[in-house]
Amino acid sequence: MSKEKQFDCVKFKNELQEKLLMNSGVKSLREYVEYANKIAQKSSLHNSP
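Bear in mind that the values here come from a model prediction, so they are computed numbers and not experimental data.

Calculation rules
- Numbers given for residues are sequential positions, taken from 1 along each chain in its written order.
- Reporting in this predicted model follows two pLDDT cut-offs: at least 70 for local features of residues, and 80 or more for side-chain atom pairs to be given and counted; totals over whole chains, interfaces and linings ignore these cut-offs and use all residues.
- The side-chain quantities take in all heavy atoms of the structure and omit both hydrogens and water.
- Strands here are runs of E lasting at least two residues and helices are runs of H or I lasting at least four, both read from the DSSP assignment and numbered beginning at the N terminus.
- Only protein chains enter the area calculation, which uses a 1.4 Å probe; residues under 20% of their type maximum are buried, those over 50% are exposed, and those in between are partly exposed.
- We get accessible surface area from the Shrake-Rupley algorithm with a probe of 1.4 Å; when it comes to residues, only the shown protein chains can shield them.
- Here the expected length of a helix is defined as 1.5 Å per residue gap, with one fewer gap than residues.
- The definition of a polar contact used here is a pair of N or O atoms within 3.5 Å, where within protein one atom must be able to donate a hydrogen and the other to accept one, and adjacent residues in sequence count solely through side-chain atom pairs.
- The convention used is that axes are lines fitted to C-alpha atoms, helices contributing only their stretch in contact, and that angles between N-to-C directions extend from 0 to 180 degrees.
- For this classification, under 35 degrees means roughly parallel, over 145 means roughly antiparallel, 65 to 115 means roughly perpendicular, and everything else is oblique.
- For this analysis, residues touch if any pair of their heavy atoms sits within 4.5 Å.
- Each residue is assigned to one class: nonpolar for Ala, Val, Leu, Ile, Met, Phe, Trp, Tyr, Cys and Pro, charged for Asp, Glu, Lys and Arg, and polar for all the others, Gly among them.

S.K.: Please clarify how the overall build of the protein should be interpreted in this entry.
M.R.: Regarding its fold elements, the protein presents 2 helices and 0 strands. Put simply, the protein has 49 residues, and 4% of those count as buried. Of the roughly 5,200 Å² of accessible surface on the protein, 56% is carried by carbon and sulfur atoms.

Shown next as structure tokens:
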């Protein structure tokens, strides 16, 4: 019997989003959307075929 790792994907996603929000320093949802869009456009995933 092998040990299976327990990984909570939802908890991980929520922690990442919370850290991103805290690090962004935005004060409104609109500012957060603009901040997230700027980051997304710089991502290598945005320009992939």
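The discussion continues.
S.K.: Is there a simple way to think about helix 1 (residues 9–24) in this case?
M.R.: For an α-helix, the turn length of 3.6 residues means that residues three or four places apart are oriented alike. The end-to-end C-alpha separation of helix 1 is 22 Å, in line with the 22 Å expected for 16 residues at 1.5 Å each. One side-chain oxygen at the N-terminal end of helix 1 lies 3.2 Å from the backbone nitrogen of V10; it belongs to D8. G25 occupies a position one or two residues after helix 1 and carries a positive phi of about 70 degrees.

S.K.: I tried to follow the packing of helix 1 against helix 2 (residues 29–42) on my own but got confused; where do I start?
M.R.: A pair of packed helices is captured by two measures, namely the crossing angle of their axes and the spacing between those axes. Relative orientation of the contacting elements helix 1 and helix 2 amounts to 105 degrees, with a least axis distance of 11 Å. By the criterion of interaxial angle, the relationship of helix 1 to helix 2 is roughly perpendicular. Note on element contacts: helix 2 touches helix 1 through Y32, Y35 and I39, opposite Q17, L20, L21, N23 and S24. When the residues that make up the contact of helix 1 with helix 2 are grouped by side-chain class, the tally is 5 nonpolar, 3 polar and no charged.

S.K.: Is there a simple way to explain the side chain of S24 in this structure?
M.R.: Its place among the elements puts S24 in helix 1. Taking the relative accessible area as the measure of exposure, S24 reaches 15% and is therefore buried. Not counting residues within four places of it along the chain, the set of residues in contact with S24 comprises Y32 and Y35.

S.K.: Would you take a moment to explain the environment of S24 for this structure?
M.R.: Through-space distance from the C-alpha of S24 to that of Y35 is 7.1 Å; in sequence the pair is 11 residues apart. Polar contacts involving the side chain of S24 include one to the main-chain carbonyl oxygen of L21, which spans 2.7 Å.

In short, geometric facts, not functional conclusions.
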